Structures are given as C-alpha cells and as structure tokens.
Amino acid sequence: MSALRNSILTGFFGRAFAVLGAANAVSAAVEAGRRPRANDLTKLGIDPASFGQVSR
C-alpha cells in the first residue's frame with residue numbers, strides 16, 4: 001500500500017473515530033445534566049458558545 005493511500009485511510013478513520021468519540025462524550029454529558037466540553041462540540045460542528053442557548 002502506498003504511503004499516500006495509507007495516510008488517507010488513517011486520516012479518514014482517525015477523524016471518524018474522533019467524531020464518534022465526541023458524539024458519545026456529548027451525549028453522556030447531556031444525559032448527566034452537565035455541559036459538554038467545548039472541544040467535543042467543535043468536533044461535531046456545534047458552536048460551543050451557542051450550545052447553552054438551546055432550550056428543550
């Protein structure tokens with residue numbers, strides 16, 4: 001496997017696992033009634049500043 005193809009696959013899978021981990025962390029924080037970490041929200045494409053303005 002070429003180095004370019006290997007880096008593309010590694011980058012894709014790395015980002016995919018990062019997004020899944022962030023989604024899991026955010027959902028656990030919301031279920032527990034805590035504010036999710038800004039880094040996890042940013043990975044999911046959510047603005048951390050506007051997250052607190054969302055009402056149920």
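A.B. asks: I keep staring at the overall build of the protein and nothing clicks. Help me out?
C.D. replies: The helix and strand inventory of the protein stands at three helices and zero strands. Reading the protein from its N terminus to its C terminus gives the helix and strand order α-α-α. In terms of C-alpha radius of gyration, the protein reaches 15 Å, well past the compact-globule figure of 10 Å for 56 residues. Principal-axis analysis of the C-alpha atoms gives the protein an extent of 50 × 20 × 15 Å. Roughly 4,500 Å² of accessible area belongs to the protein as shown, and the carbon and sulfur atoms make up 60% of that amount.

A.B. asks: Sorry if this is basic, but what is going on with the packing of aromatic side chains here?
C.D. replies: Aromatic ring pairs are described here by two measures, namely the spacing of the ring centres and the angle between the planes. Using the criterion set out here, one finds one aromatic pair in the structure. The interplanar angle of 70 degrees and the centroid separation of 5.3 Å between the aromatic rings of Phe 12 and Phe 13 together place this pair among those described as edge-to-face. Here Phe 12 falls in the partly exposed class, since its relative accessible area comes to 48%.

A.B. asks: Help me understand the pattern of salt bridges, please; the structure alone is not making it clear to me.
C.D. replies: If the charged atoms of two oppositely charged side chains come close together, the side chains can form a pair. If you walk through the whole model with that rule in mind, you get one salt bridge. For the salt bridge of Arg 37 with Asp 40, the shortest nitrogen-to-oxygen distance reads 3.1 Å. Overall, Arg 37 belongs to the exposed group, its relative accessible area being 57%.

Calculation criteria
Residues numbered from 1 in each chain as written. Predicted model: local features only at pLDDT ≥ 70, side-chain atom pairs only at ≥ 80, totals over all residues. Heavy atoms only, no water. Helix = DSSP H or I, 4+ residues; strand = E, 2+ residues; numbered from the N terminus. Rg over C-alpha atoms; globule rule 2.2 N^0.38 Å. Areas by Shrake-Rupley, 256 points an atom, 1.4 Å probe, with all protein chains shown as cover. Phe/Tyr/Trp six-rings, centres within 6.5 Å; stacked < 30°, edge-to-face > 60°. Buried < 20%, exposed > 50% of the residue type's maximum accessible area, 1.4 Å probe, protein only. Salt bridge = Lys/Arg side-chain N within 4 Å of Asp/Glu carboxyl O.

This is a description of form; function is not addressed.
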